[in-house]
Amino acid sequence: MTELKEQLSLLGRKTEYRQDYAPEVLEAFDNRHQDNDYWVRFNCPEFTSLCPITGQPDFAEIRISYIPDVRMVESKSLKLYLFSFRNHGAFHEDCVNIIMKDLIRLMNPKYIEVTGIFTPRGGISIYPYANYGRPGTKYEQMAGHRLMNRE
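Residues numbered from 1 in each chain as written. Predicted model: local features only at pLDDT ≥ 70, side-chain atom pairs only at ≥ 80, totals over all residues. Heavy atoms only, no water.

## Some remarks on the UniProt feature "binding site: substrate" (unreviewed entry) in the protein chain
So, step 1. In the UniProt entry, the feature "binding site: substrate" (unreviewed entry) is given for Val73, Glu74, Ser75, His92 and Glu93. A maximum C-alpha distance of 24.0 Å shows the annotated residues, which cover 21 residues in sequence, to be distributed over more than one spot.
So, step 2. Positionally, Val73 belongs in strand S4 (residues 71-73).
So, step 3. On the basis of relative accessibility, which here comes to 4%, the residue Val73 falls in the buried class.
So, step 4. Discounting chain neighbours no more than four positions away, the residues touching Val73 are Leu26, Glu27, Ala28, Phe29, Phe42, Tyr66, Leu78, Leu103, Leu106 and Met107.
So, step 5. Take Ser75: it is sitting in helix H2 (residues 75-83).
So, step 6. Looking at Ser75, the relative accessible area reads 42%, which means it is partly exposed. (UniProt positions renumbered as here; feature names shortened; annotations may be inferred. Helix = DSSP H or I, 4+ residues; strand = E, 2+ residues; numbered from the N terminus. Buried < 20%, exposed > 50% of the residue type's maximum accessible area, 1.4 Å probe, protein only. Contact = heavy atoms within 4.5 Å.)

And the structure:
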């Protein structure tokens, strides 16, 4: 446990919320089951960001699913990271792609997908989806298959 505490600085401390996009709050720890392929899923039903044009709030449910390799994202840091979008101006599609790319940089997962289920604005809902599979592996093929077979 001492090793884990050295890797994580946010867990067990007073929570300080950032006022704008803050990828630096993301923390990772070692996957103890690297010999297994398995899914890790997060659901953030209270995600908010701002429209970059009007400044009006956008509300969404963000779903993140990944197959870890060596590193995994720590959940409190992920929560703080997602909350950091609250005052950040970005289109729905940008939010989903930014989240996915930041998590790839942090963890280098075998596979990851991020879905945004944004509530309607002006009578239209937007549900952007982005995924990634490690190049040259079966996960790259999986990413292509899952992307082409979305509903």
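## So, the UniProt feature "active site" (unreviewed entry) in the protein chain
So, step 1. With numbering matched to this structure, UniProt assigns "active site" (unreviewed entry) to Cys51 and Asp58.
So, step 2. Its location among the elements puts Cys51 in the loop between strand S2 (40-50) and strand S3 (57-67).
So, step 3. Take Cys51: its relative accessible area is 12%, and that puts it in the buried class.
So, step 4. Once you skip the residues sitting within four places of it in the chain, Cys51 turns out to touch Gln56, Asp58 and Arg121.
So, step 5. Its location among the elements puts Asp58 in strand S3.
So, step 6. Those residues in contact with Asp58 that lie beyond four places of it in its chain are Phe47, Thr48, Ser49, Leu50, Cys51, His92, Phe118 and Arg121.

## A look at the packing of aromatic side chains
So, step 1. With the rule as written, the count across this model stands at 7 aromatic pairs.
So, step 2. Between Phe42 and Tyr66 the ring centres are 6.5 Å apart and the planes differ by 15 degrees, which places this aromatic pair in the stacked class. With Phe42 in strand S2 and Tyr66 in strand S3, this residue pair connects regions lying 24 residues apart in the sequence.
So, step 3. Given a relative accessible area of 22%, Phe42 falls into the partly exposed group.
So, step 4. Aromatic rings pair up to connect Tyr21, Phe47, Tyr81, Phe85 and Phe118 into one cluster.
So, step 5. Here the guanidinium or amino end of Arg41 rests over the ring plane of Trp39, the centre of that ring lying 5.1 Å away. (Phe/Tyr/Trp six-rings, centres within 6.5 Å; stacked < 30°, edge-to-face > 60°. Lys NZ or Arg CZ within 6 Å of the ring centre and 35° of its normal.)

## A few points about the nonpolar core
So, step 1. Counting residues in each nonpolar core, the largest one holds 30 residues, and the members touching the most others are Phe47, Ile64, Ile99, Leu103 and Ile112.
So, step 2. Elements that contribute at least two residues to this core include exactly S2, S3, S4, H2, helix H3 (92-107), strand S5 (111-118) and strand S6 (129-133).
So, step 3. Broken down by element, this core gets its largest block of residues, 7 residues, from H3.
So, step 4. Each residue touching Ile99, except ones within four places of it in the same chain, is listed here: Phe47, Ile62, Ile64, Tyr81, Leu82, Phe85 and Val114.
So, step 5. Formed by 5 residues, the second largest nonpolar core is a distinct cluster that contains Ile67, Tyr111, Tyr139 and Ala143. (Core = buried A, V, L, I, M, F, W, Y, C linked by side-chain atoms within 4.5 Å.)

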